[in-house]
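Listed below, chain by chain, are the residues.
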Amino acid sequence: MTNRPEGDARAARNERREAARQRAQRIRTQQKRRQRGTRLGLQIGLGVVLVAAAAVVTLVLVDSTQPAGPGPANMSQGGITIGQDLKAVGSGSSASADASPSADPSATAAPSVRITIYVDYLCPTCGQFEKANGDYIASLAESGAATVDIHPIATLSNRSQGTKYSLRAANAAACVADRSPDQFYAVNQALFARQPEQGTAGLTDAQLQRIVTGVDGIRDAGAIRDCIADQTFAKWVDERTTAVTGGDVPGSDLQDFPGTPLVLVNGKQYELTSPITNDDFRTFVVSAAGATEGTPTPTPSASATPSAE
């Protein structure tokens, strides 16, 4: 039996070691490639996430700094003016021309009394004032003895379990001013008639749509429903609320907003009584009208002036 030379055995061992070393080298190279690929993937993924996050932040910032855009027709100062026959004074609806009511010329003449009201449709005191005086105010406007400026704002948006009912209701009112202004006063009364309690979720958009479009004579109901669902004027309402609560109170010389309801008669603030009664407010209206030089005193019939219980 012939033994393998020692040199051949050593060479064979060296070949095996070299082959093993090369295999190990290939494995390490493959591992490094995989690691580089993993790192690159993580970096790309992180980059995508950061870009997406930056885009979202940018969109939020841009949206928050954009102006509210055009407000509703007939509310250039944040309120709508209701005059004789409860029609909007100087209305110019953004709906089609044949659906745009024209103001009665007699309603544009200077009346003896100008009543200005700032309301929040979730405000319980606003509801009490409306219950005591809504019909009386309507009688003054309907007869032409007064004009009524109604400013819907949303000071209680955080009092409805996160649904922002105040904002949504004010938006619904703005939708009516924009599309069916001659029915605004009736819608205003309907919203207070169905006023939810503060601290509840309030009415849904679908309920608001039914209330508003259920008012007799409402025009462009489909557009109003869409306006309510899309909250078309929500940002405008929010900006008007910020301006008013910041001291910009059209129709008065007030420097600070006292809260809702704010009721002004010929620019003079009416101090709410407890309980709120029509007799007290009617006395104030007559006094304010009499204090305005050269204007007659409004004297609607007593049957149109119910007192609050």
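The structure this text deals with has already been given above.
Residues numbered from 1 in each chain as written. Predicted model: local features only at pLDDT ≥ 70, side-chain atom pairs only at ≥ 80, totals over all residues. Heavy atoms only, no water.

A word on the pattern of salt bridges
- On inspection of all chains with the given rule, the structure shows seven salt bridges.
- With a shortest N-O distance of 2.8 Å, Asp149 and Arg114 are connected by a salt bridge. In this pair, Asp149 sits in strand 3 (residues 146–152) while Arg114 sits in strand 2 (residues 113–119), placing the two residues 35 residues apart along the sequence.
- The class for Arg114 is partly exposed, based on a relative accessible area of 40%. (Salt bridge = Lys/Arg side-chain N within 4 Å of Asp/Glu carboxyl O. Helix = DSSP H or I, 4+ residues; strand = E, 2+ residues; numbered from the N terminus. Buried < 20%, exposed > 50% of the residue type's maximum accessible area, 1.4 Å probe, protein only.)

Looking at the packing of helix 3 (residues 165–179) against helix 4 (residues 184–193)
- At a closest axis distance of 9 Å, the pairing of helix 3 and helix 4 adopts a crossing angle of 160 degrees. Between helix 3 and helix 4, the interaxial angle falls into the category roughly antiparallel. Note that helix 3 runs across helix 4; the crossing there is right-handed. Between helix 3, through Ala169, Ala173, Val176 and Ala177, and helix 4, the contact on the second element is made entirely by Phe184, Val187 and Leu191.
- Grouping the constituent residues of the contact of helix 3 with helix 4 by class yields seven nonpolar, no polar and no charged. (Axes fitted to C-alpha atoms, helices over the stretch in contact; angles between N-to-C directions. Parallel < 35°, antiparallel > 145°, perpendicular 65-115°, else oblique. Left-handed = near helix turned anticlockwise from the far one by under 90°. Contact = heavy atoms within 4.5 Å. Nonpolar A, V, L, I, M, F, W, Y, C, P; charged D, E, K, R; others polar.)

Focus: the side chain of Ser180
- Here Ser180 is to be found in the loop between helix 3 and helix 4.
- On the basis of relative accessibility, which here comes to 0%, the residue Ser180 falls in the buried class.
- Separated by 2.9 Å, the side chain of Ser180 and the backbone nitrogen of Arg219 make a polar contact.
- Those residues in contact with Ser180 that lie beyond four places of it in its chain are Cys175, Gly217, Ile218, Arg219 and Ile224. (Polar contact = N/O pair within 3.5 Å; in protein donor to acceptor, adjacent residues only side chain to side chain.)

Limitation: the analysis is restricted to geometry and does not speak to function.
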